[in-house]
Structures are given as C-alpha cells and as structure tokens.
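Spelled out, the chains give:
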Amino acid sequence: QPHIAYSGDQLHVEGVRLSELAREHGTPLFVYSKAAMLSALAAYQRGFAGRQAQICYAMKANSSLAILQLFAEAGCGFDIVSGGELARVLAAGGDPAKVIFSGVGKTRAEMKQALQVGIACFNVESEAELDVLSDVAVGLGKKAPVSLRVNPNVDPKTHPYISTGLKGNKFGIAHEDALRAYQHAASLPGLKVVGIDCHIGSQITDSTPYLDAMDRVLDLVADVEAAGIPIHHIDFGGGLGINYNGDTPPEADALWAQLLAKLDARGYGQRQLMVEPGRSLVGNAGVCLTEVLYLKPGEQKNFCIIDAAMNDLPRPAMYQAFHQIVPVQPRSGDGVVYDVVGPVCESGDWIGRDRQLLVQAGDVLAVLSAGAYCMSMASNYNTRGRAAEILVDGTKAHLIRQRESAFDTFALEQLV
Ligand code: LLP
C-alpha cells in the first residue's frame, strides 16, 4: 500500500506522520488515505473502460459521511441496506438515482422512503418482498424498479459468516426458483423488472467462484428473457478481497477482464453493468492508531494491552480475522511475542495473537487494513465512546468524525 508507508523512521499516511496525528487527536484514531481509496476505485474504473457500468459503493464497509462524499464526487452510486444508510447518502450529497437497495428485510417504511427519493433499483430477495414492495409502490402511485437477487450456489471459499451465495443461507432466491419469481414480479402492478443481481460473499481472493457465478447468472438471464422479461442490467455484487496477511486477491481490473470476456463471449458485453464493492475500495486505505497502555508478562502468554478494543475493531473477535499490527515509530532490536488485547472485559477482546513486537507503554501502534468493517461495526460496549476519524489528503489531515464522549453514548437515555 504505497499511500501508507514508512518514510524515515515514521509511518505515514500520504504526507502525514501518524505519531503526530495520535498526539494531536488522541487514540484510538482511525486514519484514512483519500489517494488510496481513489486508487482502489480507479482499478474498477479501468476495468470498466468502454463499458456501461455503475460502481455502487457498498457503504456498509465504511459509511462515514466524508467517505461517502469522496465516492459520490468520484461518480459512484451506493449500495444501501437500510433507510439509515439512505439518509447518510443524502446527507453526504450522493445522488439517489444511483442508489440500489439490498437486504433481506426491507420494511415498508424503508421502501416508501426509497421510492419517494427515486432510487435506481431494489434488489429483492424473496417473493414475499415482491408483493409488499408492489403494494407500497401502488400506494404511492409509482412503479418500483426491481432486480432479483439470485443465489448462484457457488462456494466463495471464504469465512462461513461472510459467504452468502450458497444454498442454506438467508440470502437471495434459489436459482431454480428464480424464473418463477421473475414471472411473479412481472405480473405485479407496482413493479418494473429492470435487472438481475447476485452477491456470493466477501473477502473472496480467487476468481473461480466469480467466473462460475457469472455463468450461472447468465444462464438465468437467457431463461428469463426467453420468457419475455427483458433484463436491463446485470449487477454482480461485491466481495472482492484485500490483502490482510499475504492474501493475493486479483486486482479489480484483472478480475473484470476475465468476467467481461465471459460476458462478451455470451453476447452480454454491452449490457448495463453494476457492481457493489465495499471492502476492496476502503479496506487497505485505513489504519487504526492505538496506544500501548501496559505490558503484562505472563507464564504462558505475554499481553500487550492497548487502548483500542473489540468495540472499535470487532473483526478479530467476530471472525478470528487477522490484521497486521505495526509500530508507527519502530524501535531497533528484537521483540517479544505478545497477544495484543484491548481493555474490554471479555476474553474474546483480542486484536492480534502471537505478534512479535518491540514496544513500551506509551508507544503508538497502527492496526492495518482497518478501513472496512471496523468503524462501521464499532459499538459502545463497556460504554466506550467510538473513536475519532481523520481523512488525509496529501499533507492535509481533516477531522471527519469527533471522538464520541461518554455523554454522547447515553444522550438518548433517561431516568424514570
Ligand atoms: N453487496 C451486498 C449485497 C453485500 O451483502 C455486501 C457485503 C457487499 C455488496 C459488499 O461486499 P464487500 O465488497 O465489502 O465484500 N463484516 C464482514 C463483511 C460482511 C459483508 C456483508 N455484505 C467482515 O468484516 O469481514
């Protein structure tokens, strides 16, 4: 990651020293590189050169307003999964006409809100949802644009919690039921069928499941169109992985060169395309700075206790995920092997296990690859205010979210 690198003896994000940001703003502190996000986006843009394609950032990966603003200004639409995310898109100046709405459990109120602002498409995940959406749209005198999320039943070979395109999970409509669901959608008065959609999982590092899923989806496009229902766009979801620990996912442009070759070979190359990348646009563009509070040697384990915890960085606790942890100002010498843990009162509150580090209390560490699914999944567990966030642009560091105070965490509560 060229935008997050050591220069001299100091880790920088672009032109800004992380030790200085930690001193000025305190820790835990998320720091993002604008250039890294735009360069990740550029790989998709290169991949789609000469095609009709809309990149809809899956904002659940990091939904901070300034990040949404950056992607909106770069021409992106958004993949949302709640009315709350739609409100964020609008607050950040995003174009509702480039919004697609995914998720298995949209409420009537959310459907109404999305129809009123005129989103591009609802990615519908069940026949029951088709009926409700049609009803809501008829009530507003509108036709809801819909795409069906189909389940290609391929194994993305990722963590079971983040694989979504297999039979037996809650997402999507089974391949064999899809034609019937399309016929049902086409018969409903409040709907207009516009597309097909799939999303097979997340942190996918191999192209094979994507290529297999594309074949399955194109088989369905052919069947549905043969039944007289035109499919205007093909949405291929998100899921492309990033390098956390020596992972070698394909680049977005290389992956899409393979996928587009398949589309071209089957005569679908000039269709409107959509993608919903999240992690691959932001994951490696962010770090979380944290201070070493205490070193606690032990008989079986040494602990390095830091001021960031599972409420700030939930991925290790939830998925046993690996994030690299490095000092922002390395010391010279050998290190000691530590479990790096937070202050939260749970044994599951670890950020890294068996890490060789040469540190002292007061040192600042950077947890890498923390741009995706960290701040957006942060909680207030143990009444810990959520961290502050900085967006770096060259030598400028913009504070894009203030640190949450204890008062903020209970501001909506009242005594009886
Ligand atoms: N589209 C849909 C319908 C999705 O469900 C998701 C992610 C995406 C797009 C974006 O996927 P991405 O490009 O980011 O892989 N919290 C987990 C990841 C959950 C992903 C949920 N869906 C983690 O931290 O690994």
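- In the annotation of an unreviewed UniProt entry, the protein chain is listed under the name Diaminopimelate decarboxylase and assigned to Limnohabitans planktonicus II-D5.
- Under the UniProt heading Subunit (unreviewed entry), the note attached to the protein chain is "Homodimer."
- Quoted verbatim from the Catalytic activity (unreviewed entry) field of the UniProt record, the comment on the protein chain reads "meso-2,6-diaminopimelate + H(+) = L-lysine + CO2".

Description of the confidence of the model for the protein chain
Here is step 1 of the chain: Residues at a pLDDT of 70 or more form 97% of the protein chain, whose mean pLDDT is 96.
Here is step 2 of the chain: Interface confidence for the predicted complex, given as ipTM, is 0.99, next to a pTM of 0.97.

Considerations on the site of the ligand
Here is step 1 of the chain: Taken together, the neighbourhood of the ligand is formed by 20 residues, with Ala58, Ser202, Gly238, Gly278 and Tyr373 sitting nearest.
Here is step 2 of the chain: Elements represented by at least two residues in the shell around the ligand include exactly α10 (279–282) and α11 (315–319).
Here is step 3 of the chain: Residues that form the shell around the ligand fall into these classes: 7 nonpolar, 9 polar and 4 charged.
Here is step 4 of the chain: In this structure, the shell around the ligand is formed jointly by two domains, domain 1 (4–32 + 283–410) and domain 2 (103–275), each of which donates at least three residues.

Side note on the sheet that holds strand β3 (residues 16–17)
Here is step 1 of the chain: The 3 strands are arranged β1-β2-β3 in an open sheet whose pairing can be described as antiparallel. In the strand order of this sheet, the two ends are held by β1 (4–7) and β3, each with one partner.

A short note on the domain arrangement of the protein chain
Here is step 1 of the chain: Domain annotation of the protein chain identifies domain 1 (4–32 + 283–410) and domain 2 (103–275).
Here is step 2 of the chain: Distance from the C-alpha centre of domain 1 to the C-alpha centre of domain 2: 36 Å.
Here is step 3 of the chain: Listed as interface residues are 7 residues of domain 1 and, on the opposing side, 6 residues of domain 2.
Here is step 4 of the chain: In terms of residue class, the side of domain 1 that touches domain 2 is made up of 2 nonpolar, 5 polar and no charged.

Structural notes on the pairing of strand β17 (residues 336–341)
On a regular strand, one side chain projects to one face of the sheet and the next to the other, so that they alternate.
Here is step 1 of the chain: Judged from the 3 bridges that link them, strand β15 (residues 303–306) and β17 form a sheet pairing that is parallel. Paired with Phe303 across the two strands is Asp339, which belongs to β17.

Some words on the environment of Asp334
Here is step 1 of the chain: Within the fold, Asp334 resides in the loop between β16 (325–327) and β17.
Here is step 2 of the chain: A sequence separation of 23 residues divides Asp334 from Leu357, and the C-alpha atoms of the two residues are 7.8 Å apart.

What about the UniProt feature "binding site: pyridoxal 5'-phosphate" (unreviewed entry) in the protein chain?
Here is step 1 of the chain: Annotation from UniProt places "binding site: pyridoxal 5'-phosphate" (unreviewed entry) at Gly239, Glu276, Pro277, Gly278, Arg279 and Tyr373.
Here is step 2 of the chain: Beyond its immediate chain neighbours, meaning those up to four positions away, Arg279 contacts Ala61, Ser202, Gln203, Ile242, Ala372 and Tyr373.
Here is step 3 of the chain: If you trace the backbone, Tyr373 turns up in the loop between β19 (364–367) and β20 (388–393).
Here is step 4 of the chain: Beyond its immediate sequence surroundings of up to four residues, Tyr373 is in contact with Ala61, Arg279 and Arg315.

Focus: helix α4 (residues 83–91)
Here is step 1 of the chain: Within the sequence span of α4, burial applies to Glu85, Leu86 and Val89. All buried residues of α4 project into a common sector of 105° when viewed along the axis, lining one side. For α4, exposure combined with an orientation more than 90 degrees from the buried face picks out Gly84 and Ala91.
Here is step 2 of the chain: Packed against the buried residues of α4 are α3 (65–73), β6 (77–80), β7 (99–101) and α5 (108–117).
Here is step 3 of the chain: Remark: Gly93 follows α4 within two positions and exhibits a positive phi of approximately 85°.

Concerning the pairing of strand β2 (residues 10–13)
Here is step 1 of the chain: Of the pairings in the sheet, the one linking β1 to β2 comprises 4 bridges and is antiparallel in character. From the neighbouring strand, Ala5 faces β2, where its bridge partner is His12.
Here is step 2 of the chain: Between β1 and β2, which follow one another and run antiparallel, lie 2 residues, and Gly8 among them has a positive phi close to 65°.
Here is step 3 of the chain: One ladder, built from 2 bridges, connects β2 with β3; its direction is antiparallel. Within the sheet, the bridge partner assigned to His12 lies in β3 and is Arg17.
Here is step 4 of the chain: Linkage of β2 to β3, two consecutive antiparallel strands, is achieved through a turn of 2 residues, within which Glu14 is found at a positive phi near 50°.

What counts as what
Residues numbered from 1 in each chain as written. Predicted model: local features only at pLDDT ≥ 70, side-chain atom pairs only at ≥ 80, totals over all residues. UniProt positions renumbered as here; feature names shortened; annotations may be inferred. pLDDT = per-residue confidence, 0-100. Near = placed C-beta within 6 Å. Helix = DSSP H or I, 4+ residues; strand = E, 2+ residues; numbered from the N terminus. Nonpolar A, V, L, I, M, F, W, Y, C, P; charged D, E, K, R; others polar. Domains from an automatic or database assignment. Pairing = 2+ DSSP bridges. Contact = placed C-beta atoms within 7 Å. Buried ≥ 20, exposed ≤ 12 C-beta atoms within 10 Å, placed from the backbone. Arc of directions from axis to C-beta.

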